[in-house]
Amino acid sequence: MTLSVRIIPCLDVTDGRVVKGVNFTNLVDAGDPVEMAQLYGAEGADELTFLDISASSSGRETTLDIVRRTAEQVFIPLTVGGGIRSVLDVNRLLRAGADKISINTSAIARPELIAEIADRFGSQVLVLSVDARRARTDSGFEVTTHGGREGSNLDALMWVEKACALGVGEILLNSMDADGTRAGYDIGMIRAVRSVSKVPLIASGGAGSLADFAAALDAGADALLAASVFHFGVHRIKDVKSYLGSHNYPVRAIATL
Amino acid sequence: MIAILDYGSGNLRSAERAFATSGLDVVVTSDARIAVEADGLVVPGVGAFAACMQGLNAIDGANIIKKRLERERPTFGICIGMQILFALGEEHSLGKPHSGVGIWPGSISELAAPILPHMGWNSVEAPYESVLFAGVESESFYFVHSYAAKTAFGKLQTWTTYGERFLSAVEDGYVVATQFHPEKSGDAGLKLIKNWTQSL
């Protein structure tokens, strides 16, 4: 009996559509997030993440509707991130059916937001998304904002320690250097963040080969997030799971009922 | 009819939809009369122990649960909704445990594990006679919590290990509860929910 490692596909959503390259053949409409969520759920995804990259408030309203429809049909945990700035935003998403929310830029701008959310809804709903890159800070890792476009001069390890003290329940560590390269997760970064945090750690950015997933677990990740390798069908979720299972990592089998 | 007790705690939509897959009518309510009369009552819950008790007390929830027990009507606690059925909760209590509804003995205390919360899919050791786990005893279920009950009592206990052994489910006559979220545990969770609704 062991806690299984989690495989989490991430869908970037804007104005009600999935973007960032999706290449499915067995879907009626490859851009519909609810349909994709259902498909990934059926394939054995252990959680789902929606990243709302809408620029407008009408886009955000549409995302709420997508969260609502997904929660009605897909009975696995759903995390929603992007554009969350207040306890009110969190409440709206949770009431729509999200189980967890992730924050990034808004927490850097105002760290008290972490404690406000944790006090109201509990740490377990709060994922800190850390977009980090290698840079000349104390630890060698810097936090970036606005989707990796802007540096912050904030040391990534110091930020993680501070955020944990304020009450985040989980860390989503995105390597901006590795993101989209399919050259493997940033193992050194995962190890470094693992060494300073006692909450679950999700590795993100760089997944390419099946061995990459195992390497991130060896470095201390509890869960593995990926986008393009799943959307483009490079790997199916069940392939990742059967590879990890055959290498003695604990994975959840899809229920056969 | 199944009532989902609304006492201000987070995400009720997925519980509502998951219990509706059983084919029964489901209402989300904080009305004491409806909650007492329903064929089955679900007590969900996310957040901290004391905050949940506060929300529960605001709608006289402890009495709703106790009245149902007296009248032999089934109740199902989920996650914090399980924890608050116990006598005491140590979460954020600074050495002075918070009072729970108290239909079960013992205290809810922090798990001894290096990484908390216990978050993700874990397996269970269910007793042979379990009604809830019939057909899903070998499946995994979704957990999110840092505190748990660890003391054995009564007869039908299901255990899970994360750092240490804790009660992942209790079946005690008309009151059952799971520490995990069946409404977030995929097909296995829906089957467990159906096992309960069919027993009503």
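Above this text you will find the structure in question.
As a starting point, this report considers the structure included with it. Since the structure is predicted, the reported quantities are computational estimates derived from the model, not experimental observations. (Residues numbered from 1 in each chain as written. Chains lettered and ligands numbered in written order. Predicted model: local features only at pLDDT ≥ 70, side-chain atom pairs only at ≥ 80, totals over all residues. Heavy atoms only, no water.)

1. Here's the deal with the interface of chain A and chain B
- Listed as interface residues are 35 residues of chain A and, on the opposing side, 39 residues of chain B.
- Where chain A abuts chain B, roughly 2,900 Å² becomes buried across the two surfaces, and 60% of that area is made up of carbon and sulfur atoms.
- One can count two salt bridges joining chain A with chain B.
- For Lys184 of chain B, the salt bridge goes to Asp99 of chain A, with nearest N and O atoms at 2.8 Å.
- Between chain A and chain B we count ten residue pairs in polar contact (both at pLDDT 80 or more) in total.
- Of all elements in the fold, only helix H2 (57–73) and helix H3 (87–96) of chain A reach the threshold of two or more residues within the side of chain A that touches chain B.
- Residue classes in the side of chain A that touches chain B are distributed as 15 nonpolar, seven polar and 13 charged. (Contact = heavy atoms within 4.5 Å. Buried area = accessible area lost by both parts, 1.4 Å probe. Salt bridge = Lys/Arg side-chain N within 4 Å of Asp/Glu carboxyl O. Polar contact = N/O pair within 3.5 Å; in protein donor to acceptor, adjacent residues only side chain to side chain. Helix = DSSP H or I, 4+ residues; strand = E, 2+ residues; numbered from the N terminus. Nonpolar A, V, L, I, M, F, W, Y, C, P; charged D, E, K, R; others polar.)

2. Some words on unusual backbone geometry
- Residues Leu116 of chain B and Pro117 of chain B are joined by a peptide bond in cis, for which omega reads 0 degrees.
- Its place among the elements puts Pro117 of chain B in the loop between strand E7 (104–110) and strand E8 (118–123).
- Backbone geometry at Asn248 of chain A places phi at a positive 70 degrees, although glycine is not the residue there.
- Looking at where Asn248 of chain A falls in the secondary structure, it is placed in the segment after helix H10 (237–246).
- Notably, Cys79 of chain B is not glycine yet its phi reads approximately 55 degrees, a positive angle.
- As for its position among the elements, Cys79 of chain B is in the loop between strand E4 (75–78) and helix H5 (80–83).

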